[in-house]
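Chains, contacts and geometry: an overview
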Amino acid sequence: MPEPVRYLSLAWIDELTRQVAASEQMHAIADRYAVGFTQVVTDGPEGEVAYHLVVGDGVARFGAGPADPEDARFEQSWQTSSDLANGDLNANTAFINGHIRMYGDQQKVLDSQPVFGALAAVFERVHEYTLYE
């Protein structure tokens, strides 16, 4: 198992970048979808953290900072983000209760659900050695 990484640290983002780049499922989904998402987490131990996922033309890219192009942006607090990552909060409930704010192309987000599913599989692998402090 890889070395533990702290949730939302640069090492965590770098590990997800490697995992997305190595994921056949992510690249397969990038053959069928073209979309860019930015995730912004506020109030964390390192302040505000932004990372992105961009898929298209058979390529999936994950990394620090905003997506380019950015079709949608999601913003949430550290507490919401860590509760989601640990399975203590359901994403639908978080949206309904206003804990996740979305800006951008709502239809593109709805149409891109398989992208989120593929990314969830990558997050699940990294979750095994992620520290939530």
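As shown above, the structure is provided for reference.
Predicted model, so just to flag it, every value in this text is computed and none were measured.

**Quick look at the nonpolar core**
Leu8, Trp12, Val20, Met26, Leu53, Val55 and Phe62 are the most contacted members of the largest nonpolar core, which has 31 residues in total. Elements with a contribution of two residues or more to this core: helix H1 (10–22), helix H2 (24–32), strand S2 (35–44), strand S3 (47–56), strand S4 (59–64), strand S5 (72–77) and helix H6 (113–127). Those residues within four positions of Val55 in sequence are excluded, and the remaining contacts are Met26, Ala30, Tyr33, Ala34, Val35, Ala60 and Val115.

**Focus: the packing of H1 against H6**
Where H1 contacts H6, the two axes come as close as 10 Å, and the packing angle between them is 125 degrees. Relative to H6, H1 is oriented oblique. Note that H1 runs across H6; the crossing there is right-handed. In this structure, H1 contributes Trp12, Glu15, Leu16, Gln19 and Val20 to the contact, and H6 contributes Leu119, Val122, Phe123, Arg125 and Val126. Classifying every residue of the contact of H1 with H6 by side-chain character gives seven nonpolar, one polar and two charged.

**Some points on the packing of aromatic side chains**
Under the definition given, this model contains 11 aromatic pairs. Both rings, one in Tyr7 and one in Trp78, keep their centres 5.5 Å apart while their planes meet at 55 degrees; by these two values the pair is tilted. Remark: Trp78 occurs in helix H3 (residues 78–85) and Tyr7 occurs in the loop between strand S1 (5–6) and H1; sequence separation between them is 71 residues. Look at Tyr7 and you get buried, because its relative accessible area is 5%. A residue is classified by how much of its surface remains accessible, and Trp78, at 13% relative accessible area, is buried.

So, how was this worked out
- Residues numbered from 1 in each chain as written.
- Predicted model: local features only at pLDDT ≥ 70, side-chain atom pairs only at ≥ 80, totals over all residues.
- Heavy atoms only, no water.
- Core = buried A, V, L, I, M, F, W, Y, C linked by side-chain atoms within 4.5 Å.
- Buried < 20%, exposed > 50% of the residue type's maximum accessible area, 1.4 Å probe, protein only.
- Helix = DSSP H or I, 4+ residues; strand = E, 2+ residues; numbered from the N terminus.
- Contact = heavy atoms within 4.5 Å.
- Axes fitted to C-alpha atoms, helices over the stretch in contact; angles between N-to-C directions.
- Parallel < 35°, antiparallel > 145°, perpendicular 65-115°, else oblique.
- Left-handed = near helix turned anticlockwise from the far one by under 90°.
- Nonpolar A, V, L, I, M, F, W, Y, C, P; charged D, E, K, R; others polar.
- Phe/Tyr/Trp six-rings, centres within 6.5 Å; stacked < 30°, edge-to-face > 60°.

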